[in-house]
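Examination of the molecular architecture
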Amino acid sequence: MTINLEQILQEKFGFTSFKPGQKEVIEQLLNNQDTLAVLPTGTGKSLCYQFVGQLIEGTVIIVSPLLSLMEDQVIQLQKKGVTGVIALNSSLNFFEKHYVLNHFEKYNYILISPETLMQKEVRTKIAKLKIALFVVDEAHCVSQWGVDFRPEYSKLAQIQAECGYPLTLALTATATPTVKKEIVKQVFSHQKKISEVIYSVNRPNIGMIVDQTTEKETSLIAYLTQLKSKGIIYCATRKTAERVNRIIKEETDLQTAFYHGGLSASERSLLQQQFVANELDILCATNAFGMGIDKPDVRFVIHYDCPDSLENYVQEIGRAGRDGLPSVAILLYRNGDESIHYYFQTESRLDRVLLNELANLPPKKQESIFPSLNELQQKWVQGYWAKEYTIEELEETLLRKEKERQQQLNVMLSYIKEANCRRTFIQQYFSEKNVEKNQENCCDKCGLSFDNYKAQIVQSPKEIEISEQWEDILIRLFKE
Ligand code: ADP
Ligand code: MG
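Residues numbered from 1 in each chain as written. Chains lettered and ligands numbered in written order. Predicted model: local features only at pLDDT ≥ 70, side-chain atom pairs only at ≥ 80, totals over all residues. Heavy atoms only, no water.

Let us look at the site of ligand 1. Near ligand 1 there are 15 residues, and of these Ser17, Gln22, Gly42, Ser46 and Asp294 occur at the shortest range. Contact between ligand 1 and Lys45: an oxygen atom at 2.9 Å from a main-chain N or O atom of the residue. Arg322 is positioned with one of its side-chain polar atoms (N or O) 3.4 Å from an oxygen atom of ligand 1. Isolated, ligand 1 exposes 580 Å² of accessible area, and the fraction of that covered by the protein chains is 83%. (Near = heavy atom within 4 Å. Polar contact = N/O pair within 3.5 Å; in protein donor to acceptor, adjacent residues only side chain to side chain. Areas by Shrake-Rupley, 256 points an atom, 1.4 Å probe, with all protein chains shown as cover.)

A word on the sheet that holds strand 8 (residues 206–212). Taking strand neighbours across the sheet as the criterion, the 6 strands line up as 8-13-12-9-11-10 in an open arrangement whose pairing is parallel. Strand pairing shows two members of the sheet lacking a second neighbour, strand 8 and strand 10 (256–259), which therefore form its edges. This sheet shows a mean twist of 15° between the axes of neighbouring strands, independent of strand direction. The pairing of strand 9 (residues 231–234) with strand 11 (residues 282–285) spans 4 bridges and is classified as parallel. Across the sheet, Tyr234 pairs through a bridge with Ala285, a residue of strand 11. Strands in contact with helix 12 (residues 265–276) are strand 9, strand 10 and strand 11; relative to strand 10, the strand with the most contacts, it is inclined by about 140°. (Pairing = 2+ DSSP bridges. Helix = DSSP H or I, 4+ residues; strand = E, 2+ residues; numbered from the N terminus. Axes fitted to C-alpha atoms, helices over the stretch in contact; angles between N-to-C directions. Contact = heavy atoms within 4.5 Å.)

Another aspect to go through is the sheet that holds strand 1 (residues 35–38). Ordered in space as 3-4-2-5-6-1-7, the 7 strands form an open sheet in which the pairing is parallel. Each edge of the open sheet carries a strand with a single partner, namely strand 3 (85–88) and strand 7 (195–198). The average angle at which neighbouring strand axes cross in this sheet is 15°, direction not considered. Direction of pairing for strand 3 relative to strand 4 (residues 109–112): parallel, over a ladder of 4 bridges. Note that in strand 4 the partner of Ile86 across the bridge is Ile110.

Let's shift gears to the pairing of strand 11. In strand 11, alternate side chains face the same way, and those of Ile282 and Cys284 on one face and Leu283 and Ala285 on the other are all buried. In terms of strand pairing, strand 10 meets strand 11 through 4 bridges, oriented parallel. Looking at strand 11, one finds that Thr256 is bridged to Ile282. Where the polypeptide runs from strand 10 across helix 12 and back to strand 11, its parallel neighbour, the crossover connection is right-handed. (Buried < 20%, exposed > 50% of the residue type's maximum accessible area, 1.4 Å probe, protein only. Right-handed = clockwise from strand over helix to strand, strands pointing away.)

Moving on: unusual backbone geometry. The backbone of Lys228 sits at a positive phi, close to 45°, despite the residue not being glycine. With respect to the helices, strands and loops of the structure, Lys228 is situated in the loop between helix 10 (216–227) and strand 9. Exposure remark for Lys228: the relative accessible area of 65% places this residue in the exposed category. Residues other than glycine seldom take positive phi values, yet Asn441 does so here, at roughly 50°.

Under the defined criterion, the tally for this structure stands at 10 aromatic pairs. Measuring from ring centre to ring centre gives 4.8 Å for Tyr259 and Phe289, while their planes differ by 70°; the resulting arrangement is edge-to-face. Here Phe289 lies in the loop between strand 11 and strand 12 (300–303) and Tyr259 lies in strand 10, a separation of 30 residues in the sequence. Each member of the pair, Tyr259 together with Phe289, is buried. Relative to Trp385, the ring of Phe370 lies with its centre 5.1 Å away and its plane at 35°, an arrangement referred to as tilted. Linking Phe370 in the loop between helix 15 (363–369) and helix 16 (375–385) with Trp385 in helix 16, this pair joins segments that are 15 residues apart in sequence. Residue Phe370 is classed as buried on the basis of its relative accessible area, which comes to 15%. By relative accessible area, Trp385 is classed as partly exposed at 34%. A connected cluster of aromatic rings, assembled from ring pairs, spans Phe13, Phe18 and Phe51. The lysine or arginine in question, Lys216, covers the ring of Tyr304, its NZ or CZ lying 4.6 Å from the ring centre. (Phe/Tyr/Trp six-rings, centres within 6.5 Å; stacked < 30°, edge-to-face > 60°. Lys NZ or Arg CZ within 6 Å of the ring centre and 35° of its normal.)

Shown next as structure tokens:
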């Protein structure tokens, strides 16, 4: 019996057609193939596992890095009338968590953070489930050390083994060959052959501009007053995000707020909701904002500071124009802006020195210093104490990551200083073969000018509809 996937899509999810890549991923999974899917932001990657979960018997486990993402997915599924969905993470209290664990088999979709997944009681329960599909969402996180260091990701293979290697899907929007290799190593270590569904990172509806300027504040305000639409401004630090927010408040009457990791989870969640609901025009944010955010009509992403890598830059600008309508990514660059990242790199060097010194202290002394370390350093030390690695191995990894970050920053600077097409630069960096050239509204190096392009961006979908109606009316008048 052949299954009509389109019909199911229509009946269960209310969509008329698949978005690029979705059907391929679903077909691979239905053929019992472990799959790595690299599809641009907004393609509807979640639908792939939601869909398969409806067809294969058993539970779908989704490992997801952020609380807000999990909540978002729970709501998405509930809206479709899908039942038995739960997010298992640190936001549940003791009793809620135990209720969930005691009724584990009645859930169809379990969204879980890597940290919660590693807890012994959770692992024992999961190992007893019949798992239809094991999903690692935002799979590029497996390869991140630095600020987002999540040692739990490196233990995913243990969980998969405990569950008897269920059918596995890894999802991400950005993967350079290096990151891809790391995903394969961490998520598919047990597999000789996996299916890869990989689509271009190129987002044709996002015009790309780098504005080299010494007057970033003035330029920013000038852009904002002309854009008159919803957007995100990325800053490298919490302090800058707050400062930029203040400047915009002083200089314009736009509704703006700042968002960063220093805010409480509930404050962040509220801001995200307000932004999605159009109660805010602008969010001035650090890179803590945006992963998995489902707002279709973000018209612009402006980088007030130099991003630390092209990988992150592409992820961040990808939050613009998910509805496919004309949008813009503007990077403001003042010579030397990258120095903020050298500062972060120095910090990471200091980490290495500190860890080395600590390891040479007697155990009691190590324990007494432990509380004074930051969260990340504590995780490293805990791994060392648990004998997951020696201090030399840890230092080596940190050093390797430091070098990688330096290289990534160099690539970012090459992008900024690129003399030719920026879109081509990005596609080549991601090792894409079929580079799309000569598209309309490409980048500043291909002749895209903000002044000419802005009218297309500010025109909201509503206005487009109205103008189409006007055209129709005119045609009718002419015919009469
Ligand atoms: P991604 O994880 O790839 O960034 P999401 O899974 O969050 O994207 O989905 C983005 C949006 O696309 C959601 O609102 C989802 O309902 C919608 N979507 C998914 N599949 C389709 C489809 N086939 N047709 C139309 N909209 C879709
Ligand atoms: Mg997603």
